[in-house]
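Listed below, chain by chain, are the residues.
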2 protein chains.
Amino acid sequence: LAPPDPALKIKTAPAPEPVERRLCVTTPSATYNVELRHDAGAWLIDAIDAATPNARLFILTDQTVAALHADALTRALVGRGRQVTLHSVPAGEGSKTLETASRLYDELLLAGVCRTDAVVALGGGVVGDLAGFVASTILRGIRSVQVPTTTLAAVDASVGGKTAVNSPRGKNLIGTFHQPQAVLIAREHLATQNPRQHAAGLAEVVKIAATSDALLFERVERDAKALLEFAPQPLLDVIARAVELKALVVGRDEREQGERAILNYGHTIGHAIESGERFRLLHGEAVMLGMLAEAEWAVTQGGSPKVVERLSALAKALALPTSWTAARIDLGALALDKKRQGEEVRLPVVPKPGTVELRNVSLEALASFVQRRTAT
Amino acid sequence: LAPPDPALKIKTAPAPEPVERRLCVTTPSATYNVELRHDAGAWLIDAIDAATPNARLFILTDQTVAALHADALTRALVGRGRQVTLHSVPAGEGSKTLETASRLYDELLLAGVCRTDAVVALGGGVVGDLAGFVASTILRGIRSVQVPTTTLAAVDASVGGKTAVNSPRGKNLIGTFHQPQAVLIAREHLATQNPRQHAAGLAEVVKIAATSDALLFERVERDAKALLEFAPQPLLDVIARAVELKALVVGRDEREQGERAILNYGHTIGHAIESGERFRLLHGEAVMLGMLAEAEWAVTQGGSPKVVERLSALAKALALPTSWTAARIDLGALALDKKRQGEEVRLPVVPKPGTVELRNVSLEALASFVQRRTAT
């Protein structure tokens with residue numbers, strides 16, 4: 001690594017817009033901060049530094065993010081006197097495998113990783129899940145810090161402590177629960193993702209708003225265009241609120257025994273659509289379609305069609321898809337749902353935005369609905 | 001699976017010798033029972049049944065153990081109305097890899113494993129570590145029951161919640177902490193292991209006695225011959241006591257931050273010897289050699305040679321090796337020690353049997369001692 005640049009030790013000037021949020025996430029096994037700021041400057045280095053005393057730092061990232069942000073982060077941490085190595089994997093879902101984890105184990109072990117060291121996950125959901133999995137299993141677990149660079153990762157993957165790699169039999173079927181030391185979100189990082197990724201991430205905001213917060217749902221409806229354009233105030237407001245809502249749910253149900261199932265809204269059918277599309281859809285796009293389909297199913301059970309209408313209008317406003325290609329749905333993936341209990345699944349049902357019920361639904365009935373819906 | 005044999009529902013007659021022990025292990029994240037009995041009859045089925053309500057059971061074992069015990073266990077569980085599938089891997093350390101774990105993930109996912117299901121680990125340390133790792137990472141963790149069939153696994157691997165697979169860079173470098181629902185030890189299972197395996201397992205009893213219990217150390221000295229012959233009373237007495245001592249240490253230090261380091265006695269140099277011998281030594285044999293070497297090192301630091309004498313006499317009485325082949329020690333493995341802290345390791349030192357101190361020792365000094373010792 002290059003010698004530290006002394007200029008980097010100087011704190012950056014205050015961000016032009018002082019959008020800041022700090023949340024404290026508490027679970028039975030850990031407490032940590034989620035910080036959201038405008039820039040990716042000195043506060044980020046301070047926060048990583050404070051969260052990982054005495055650790056050597058292994059930055060895990062993907063090649064796309066590495067080109068954008070890894071150099072600045074590495075130099076700034078080295079400038080702070082930290083020992084840092086950088087490890088990058090190809091961008092995309094294809095890296096979220098045991099094989100890639102195995103290569104990272106090798107790299108970290110070769111570098112002499114210790115129990116007291118820490119992983120910094122710099123990237124989107126794939127990097128966060130993969131880096132979290134590696135951190136939780138190498139030497140039976142070392143610390144990790146999440147620095148999400150996509151909206152999806154900021155909202156979803158960085159809170160809850162879920163880590164995962166994919167199996168040839170389905171997504172996220174191998175993983176652990178491992179709480180990070182801190183989650184550090186910079187709008188400056190988020191603004192470099194591509195628009196399609198960003199919109200897909202906003203689908204997870206829609207998900208938590210639909211199940212838990214009518215006001216947040218209305219705010220996303222109102223500010224959809226500004227959100228797509230990364231307008232600082234609405235963006236950090238809605239992400240912070242979504243993270244806060246998720247943290248509350250996760251804090252009450254760390255190991256996914258009960259209430260946390262509401263976070264699964266749109267995911268049961270969404271995973272089947274995603275798997276049927278062979279991962280050509282982004283996760284958030286599939287979740288949006290899954291929410292629409294699950295809302296339509298609720299209508300067949302006597303629910304109001306209003307929810308379908310508002311979800312559909314919001315999907316359009318956020319440039320998210322509202323239909324999937326016929327015959328491209330993997331009903332087998334429904335049977336592999338992790339939340340399956342025997343022949344049933346606990347499905348979150350939204351009677352109106354901001355409220356949710358959990359209903360035990362037969363997988364067969366759900367699969368047959370999806371099949372009919374897909375055929376039309 | 002064959003239909004249940006109704007005769008199996010009848011409780012077996014009381015075991016001829018009523019050697020029984022039940023211990024309760026408490027850690028911050030879990031509480032579970034360790035039961036030790038003479039036979040492998042109805043009590044074992046009762047205990048598995050009670051520990052895994054509503055679960056489908058996936059018995060993970062190796063081909064050697066499968067031939068001896070899997071059929072009886074499977075039939076008895078099916079007779080109790082449980083859904084059971086059997087999954088076996090080749091016997092030996094070679095199965096303790098990410099690749100084997102990956103194959104087991106596939107088998108369990110293909111069988112439709114749910115969060116509410118459970119893994120039964122039937123076998124020695126390799127099966128216990130591998131099955132525990134798979135259980136802790138599939139669907140982000142399902143329940144497990146440990147049924148150790150070797151002395152090593154009974155004493156060591158079944159308490160403490162450590163799971164692991166090996167990396168090409170060293171043993172146990174990938175793993176998790178995952179507490180089982182129960183640990184169920186039958187002398188009838190232990191008695192089918194080969195004598196060399198059994199003796200190696202007793203080395204772990206020697207380890208915990210040396211660091212924590214002078215009376216247990218004397219008992220092993222006195223009953224060495226009877227222990228090697230699987231005499232029921234001394235065997236279950238010393239295993240129960242060793243498990244109890246280990247459970248106390250682990251209960252006070254679940255995540256291996258402090259005191260638990262005493263369980264590492266003999267392991268720092270032991271791992272280097274084991275790795276240098278390319279796994280031709282059994283783990284317990286390497287630990288015995290490691291204890292001898294670490295005790296000899298303590299003498300160079302002013303310790304009493306009496307500990308070396310008693311350990312050496314005990315090793316001979318237990319048919320364990322007391323010397324290793326020159327030049328067959330992997331000093332690089334010392335540097336990979338998971339308990340390494342920078343350039344030092346916290347080494348347990350035994351001034352006399354039953355007492356222990358933790359000392360920070362420079363890896364370089366230790367490596368140079370081992371090198372001199374090996375050269376002579």
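Since we're looking at a predicted model, the values are computed, not measured. (Residues numbered from 1 in each chain as written. Chains lettered and ligands numbered in written order. Predicted model: local features only at pLDDT ≥ 70, side-chain atom pairs only at ≥ 80, totals over all residues. Heavy atoms only, no water.)

(A) Expanded view of helix H2 (residues 63-79) of chain A. All names here are of chain A. Over its 17 residues, H2 runs 23 Å from end to end, which matches the ideal 24 Å to within 8%, given 1.5 Å per residue. Of all the bends found along H2, the most pronounced is centred on histidine 69 and spans about 55 degrees. Here the buried face of H2 lies against helix H1 (42-51), strand E3 (57-62), strand E4 (84-89), strand E5 (118-123) and helix H6 (187-190). Just beyond H2, the residue with positive phi is glycine 81, at close to 90 degrees. (Helix = DSSP H or I, 4+ residues; strand = E, 2+ residues; numbered from the N terminus. Expected span 1.5 Å × (residues − 1). Bend = angle between axes of the 7 residues up to and from the residue. Contact = heavy atoms within 4.5 Å.)

(B) Representation of the interface of chain A and chain B. Counting residues at the interface gives 36 residues for chain A and 36 residues for chain B. Each partner contributes to the roughly 3,100 Å² buried at the junction of chain A and chain B, and carbon and sulfur atoms together form 56% of this total. Taken together, the connections running from chain A to chain B amount to two salt bridges. Across the salt bridge formed by arginine 169 of chain B and aspartate 106 of chain A, the nearest N and O atoms sit 3.9 Å from each other. Inspection of the chain A/chain B interface yields eight residue pairs in polar contact (both at pLDDT 80 or more). When residues of the side of chain A that touches chain B are traced back to their parent elements, those giving at least two are helix H3 (98-110), helix H4 (125-137), strand E7 (162-167) and strand E8 (170-177) of chain A. Tallied by class, the residues present in the side of chain A that touches chain B amount to 15 nonpolar, 11 polar and 10 charged. (Buried area = accessible area lost by both parts, 1.4 Å probe. Salt bridge = Lys/Arg side-chain N within 4 Å of Asp/Glu carboxyl O. Polar contact = N/O pair within 3.5 Å; in protein donor to acceptor, adjacent residues only side chain to side chain. Nonpolar A, V, L, I, M, F, W, Y, C, P; charged D, E, K, R; others polar.)

(C) How the structure looks around the packing of helix H8 (residues 214-228) of chain A against helix H12 (residues 306-317) of chain A. Residue and element names in this part refer to chain A. Direction vectors running N to C along H8 and H12 enclose 15 degrees, while the axes themselves pass 9 Å from each other. What the angle tells us is that H8 and H12 run roughly parallel. Handedness of the H8/H12 crossing: left-handed. Mapping the contact onto sequence places Phe217, Glu218, Val220, Glu221, Ala224 and Leu228 in H8 and Arg310, Leu311, Leu314 and Ala317 in H12. Tallied by class, the residues present in the contact of H8 with H12 amount to seven nonpolar, no polar and three charged. (Axes fitted to C-alpha atoms, helices over the stretch in contact; angles between N-to-C directions. Parallel < 35°, antiparallel > 145°, perpendicular 65-115°, else oblique. Left-handed = near helix turned anticlockwise from the far one by under 90°.)

(D) Focus on the relation of the copies chain A and chain B. Relative to chain B, chain A is turned by 180 degrees and slid 0.0 Å along the rotation axis, the superposed coordinates differing by an RMSD of 0.0 Å. When the rotation and shift are considered jointly, the pair of chain copies conforms to a two-fold rotation axis. Nearest to the rotation axis, the C-alpha of leucine 98 of chain A is located 3.9 Å from it, this being the minimum over chain A. Residue by residue, 100% of the interface of chain A is reproduced at the interface of chain B, so both copies engage with the same surface. (Least-squares fit on C-alpha atoms with pLDDT ≥ 70 in both.)

(E) Structural view of the sheet that holds E4 of chain A. Residue and element names in this part refer to chain A. On the basis of which strands lie adjacent, the open sheet formed by seven strands has the order E1-E2-E9-E6-E5-E3-E4 and mixed pairing. Among the strands making up the open sheet, the edge pair consists of strand E1 (21-27) and E4. On average, each strand axis in the sheet is tilted by 20 degrees relative to the strand beside it, whichever way the strands run. With five bridges connecting them, E3 and E5 associate as parallel partners. Each bridged residue has a counterpart across the sheet, and for isoleucine 59 the counterpart in E5 is valine 120. Each of strand E2 (30-37), E3, E5, strand E6 (143-148) and strand E9 (182-186) touches H1; the most contacted strand, E9, lies at about 170 degrees to it. (Pairing = 2+ DSSP bridges.)

(F) Representation of the sheet that holds strand E3 (residues 57-62) of chain B. All names here are of chain B. One open sheet accounts for seven strands, arranged E1-E2-E9-E6-E5-E3-E4; its pairing is mixed. Each end of this open sheet is capped by a strand with a single partner; those strands are strand E1 (20-27) and strand E4 (84-89). Strand-to-strand twist in this sheet, taken as the mean axis angle between neighbours without regard to direction, amounts to 15 degrees. Bridging between strand E2 (residues 30-37) and strand E9 (residues 182-186) involves five bridges; their strand directions are parallel. If you follow valine 34 over to E9, its bridge partner there is valine 183.

(G) Broad picture of the packing of helix H11 (residues 283-300) of chain A against H12 of chain A. Residues and elements named next belong to chain A. The contact between H11 and H12 brings their axes to 9 Å, and the two run at 165 degrees. Our classification of the angle between H11 and H12 gives roughly antiparallel. The two elements H11 and H12 meet at a crossing, and its hand is left-handed. Along the contact surface, H11 presents Met288, Met291, Leu292, Ala295, Glu296 and Val299, while H12 presents Val307, Val308, Leu311, Ser312 and Ala315. Split into classes, the residues belonging to the contact of H11 with H12 amount to nine nonpolar, one polar and one charged.

(H) Representation of the pairing of E4 of chain B. Residues and elements named next belong to chain B. The sheet contact formed by E3 and E4 spans six bridges and is parallel. Following the sheet pairing, aspartate 62 is matched in E4 by valine 89. In terms of handedness, the path from E3 via helix H2 (residues 63-79) over to E4 forms a crossover that is right-handed. (Right-handed = clockwise from strand over helix to strand, strands pointing away.)

(I) Structural view of the pattern of salt bridges. Inspection of every chain in the model, using the stated rule, returns 47 salt bridges over all chains. Of the charged contacts, one joins arginine 75 of chain A and aspartate 71 of chain A as a salt bridge, the two residues approaching to 3.4 Å between their closest N and O atoms. With arginine 75 of chain A and aspartate 71 of chain A both in helix H2 and four residues apart, this pair spans about one turn of that helix. The salt bridge involving arginine 359 of chain B is made with glutamate 357 of chain B; its shortest N-O contact spans 3.4 Å. According to the relative accessible area criterion, glutamate 357 of chain B is partly exposed, its value standing at 36%. Residues participating in the shared-partner salt-bridge network are Glu93, Lys96, Asp129, Lys171 and Glu274 of chain A. (Buried < 20%, exposed > 50% of the residue type's maximum accessible area, 1.4 Å probe, protein only.)

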